[in-house]
Amino acid sequence: MKFRIATIGVFSMALLAAGQPAAAQAPAAEWRAVAPENLLVIDTAKGRIVVELDPAVAPQSVARIRTLADQGFYDGLKFHRVLPGFMAQTGDPLGTGEGGSELPDIPGEFQFRRGRDLGYVNLVTSPTGLLGIAGSMPVFTQPDAQMMVTADFRTAAQALFCPGVAGMARAQDPNSANSQFFLMTGPNDALNGLYTPFGRVLSGLDVVKALKAGSEAANGAVTDPDIMTRARTAAAMPEGQRPSARVMTARSPAFAAMVEQKRAELGARFTVCDVQPPAEVTGG
C-alpha cells in the first residue's frame, strides 16, 4: 500500500520555547529516555546537532547511519548542499553529492508497519487516513482498527518530512541510498513516500538553519561549506563526553496541552508539522 499526504505547516520553535517551562515540570512518567545507540551527535563549528534515530521507521537506514558514524566516516565531511527553508545535505566523502561509502546501497524504506507499541497519537484526521506523532516522528497512518484484519496486527504507516526530520539522500534509483543524508529545515510533502525518513532533530535545529547555504540557482551547492567535525552515536562516545536525552511522550497531558494551544493559534491551518514533542538533551 502506498499513500502520500500534503503537509503544509511550519514547525514552531516558539511553541517549544514557550512550552519548555511547563514541560520541565511534567512528571517523569510523561518522558521517555532515548537509548544511546539511537542518539546521533553531530558536532560542527556552529554548534551541536542531536538527532534521535528511529529504527521502527527505517531499520536498515538507521543501522547504516550508526555504522558509518561510529567508524568515523562522517568526520570532516561537508554540508555540501544547503537550501534555506528546505534542508541541509551531507555525508558525501567527495563533497559533490555524487559519492558514498564502500558499503552496498540500501533499499528505500518509504513505509513501515505500525503496531500499538509505538504510542501513536492522532492529531489530524483526513479523508484518507490519520496524521499524528509516533515517538518523535510525524506520521501518516491508517486507524488502529486496521490492525485487527492484518496477520501481523500492524497497519501501514509513513513518516513525513516535517522540519527537523532526517532523511536518506539517494540517486534516481529509489534503492540507492548509501551514506548521504539530509536534515529538514522546512516541510516538503514532495518527499513523502519517495525518500526514507529515519529520525528527527531533538536539539540543534537552530544550528542546522545557521549552516552556510548555497543558492537556488546552484541547487544549493555551497562554496566553502561547513563540515561535521565529528559524528558519533552517543553509545560510541566516551562516557564523560556522552550526552543523554529524554523526549516527552506524545500521549502525555503536557504535550496534549501544547497541541491544543497551537491548534487554537492556527485554527484550520494547523498540521502535524506544527508540533514536536519537547526534548531535553543534557551532558556531553
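Check the entry above for the structure.
This section reports on the structure supplied with the text. (Residues numbered from 1 in each chain as written. Predicted model: local features only at pLDDT ≥ 70, side-chain atom pairs only at ≥ 80, totals over all residues. Heavy atoms only, no water.)

What about the sheet that holds strand 8 (residues 129–134)?
The line we're drawing: Only when DSSP finds a minimum of two bridges between them are two strands counted as paired. Only DSSP runs of H or I covering at least 4 residues are called helices, and only runs of E covering at least 2 are called strands; the numbering of each starts at the N terminus. Note on geometry: axes are lines fitted to C-alpha atoms, helical ones only across the stretch in contact, with angles between N-to-C directions running from 0 to 180 degrees.
Taken in spatial order, the 5 strands make up an open sheet running 6-10-9-8-7, and their pairing is antiparallel. Lying at the two open borders of the sheet, with one neighbouring strand each, are strand 6 (112–114) and strand 7 (121–126). When the angles between neighbouring strand axes are averaged without regard to direction, this sheet yields 40°. Sheet topology places strand 8 next to strand 9 (residues 137–141); 5 bridges connect them, and they run antiparallel. The partner of leucine 130 across the bridge, within strand 9, is threonine 141.

Observations regarding the side chain of threonine 196
What counts, and what does not: For every residue, the accessible area (1.4 Å probe, protein chains only) is compared with the maximum for its type, and the residue is labelled buried under 20%, exposed over 50%, or partly exposed between those bounds. Two N or O atoms count as a polar contact when they lie within 3.5 Å, although within protein this holds only if one can serve as hydrogen donor and the other as acceptor, and sequence-adjacent residues are included solely when both atoms are side-chain atoms. Contacts are assigned to residue pairs with any non-hydrogen atoms lying within 4.5 Å of each other.
For threonine 196, the location among the structural elements is in strand 13 (residues 196–203). When its relative accessible area of 3% is taken as the criterion, threonine 196 is described as buried. At 2.8 Å, the side chain of threonine 196 and the backbone nitrogen of glutamate 109 are in polar contact. Setting aside chain neighbours within four positions, we find threonine 196 in contact with Ala58, Ser61, Gly108, Glu109, Phe110, Phe161, Ala166, Gly167 and Met168.

Concerning the state of the cysteines
Cut-off, in case you're wondering: Disulfides are defined in this document as cysteine sulfur pairs within 2.5 Å.
Using the criterion set out here, one finds 1 disulfide in the structure. Here cysteine 162 engages in a disulfide with cysteine 273; their sulfurs sit 1.9 Å apart. Looking down the S-S bond of the cysteine 162 and cysteine 273 bridge, the torsion is -80°, so its handedness is left-handed. Here cysteine 162 is found in the loop between strand 10 (155–159) and strand 11 (165–168), whereas its partner cysteine 273 is found in the loop between helix 4 (253–266) and strand 16 (279–282), with 111 residues between them in sequence. On the accessibility criterion, cysteine 162 (0% relative accessible area) is buried.

Quick notes on the packing of aromatic side chains
What counts is decided by this rule: Ring pairs shown here join Phe, Tyr and Trp side chains whose ring centres sit within 6.5 Å, with only the six-membered ring taken for Trp; geometry is labelled stacked below 30 degrees between planes, edge-to-face above 60, and tilted in between. Two thresholds decide whether a charge sits over a ring: the Lys NZ or Arg CZ must be within 6 Å of the ring centre and within 35 degrees of the ring normal.
The final tally for this structure, using the stated rule, is 5 aromatic pairs. Considering the side-chain rings of phenylalanine 73 and tyrosine 74, the 5.4 Å spacing of their centres and the 80° angle between planes classify their relative orientation as edge-to-face. Ring centres 6.1 Å apart and planes at 85° place the aromatic pair phenylalanine 181 and phenylalanine 198 in the edge-to-face group. In this pair, phenylalanine 181 sits in strand 12 (residues 181–184) while phenylalanine 198 sits in strand 13, placing the two residues 17 residues apart along the sequence. Overall, the relative accessible area of 1% leaves phenylalanine 181 in the buried class. Grouping aromatic residues by their ring pairs yields a cluster made of Phe73, Tyr74, Phe181 and Phe198. For the cation-ring pair, arginine 170 lies above tyrosine 195, with the distance from its terminal atom to the ring centre recorded as 4.3 Å. In this arrangement the basic side chain of arginine 246 is found over the ring face of tryptophan 31, its NZ or CZ atom lying 3.9 Å from the centre.

Some words on the sheet that holds strand 2 (residues 39–44)
Within the open sheet, the 8 strands sit side by side as 4-5-12-11-13-3-2-14. Their pairing is antiparallel. In the strand order of this sheet, the two ends are held by strand 4 (81–83) and strand 14 (230–233), each with one partner. Across the sheet, the mean angle from the axis of one strand to that of its neighbour is 25°, orientation sign disregarded. Across 4 bridges, the pairing between strand 2 and strand 14 is antiparallel. Within the sheet, the bridge partner assigned to valine 41 lies in strand 14 and is arginine 232. Of the strands in this sheet, strand 2, strand 3 (47–53), strand 11, strand 12, strand 13 and strand 14 are in contact with helix 2 (residues 59–71), which crosses strand 14 at around 125°.

Quick look at the pairing of strand 2
Extensive coverage of strand 2 is indicated by the burial of 6 of its 6 residues. Of the two faces of strand 2, the one holding Leu39, Val41 and Asp43 and the one holding Leu40, Ile42 and Thr44 are both buried throughout. Relative to strand 3, strand 2 is paired through 6 bridges, and the arrangement is antiparallel. Looking across to strand 3, one finds that leucine 39 is bridged to glutamate 52. Between strand 2 and strand 3, which pair antiparallel in sequence order, lie 2 residues.

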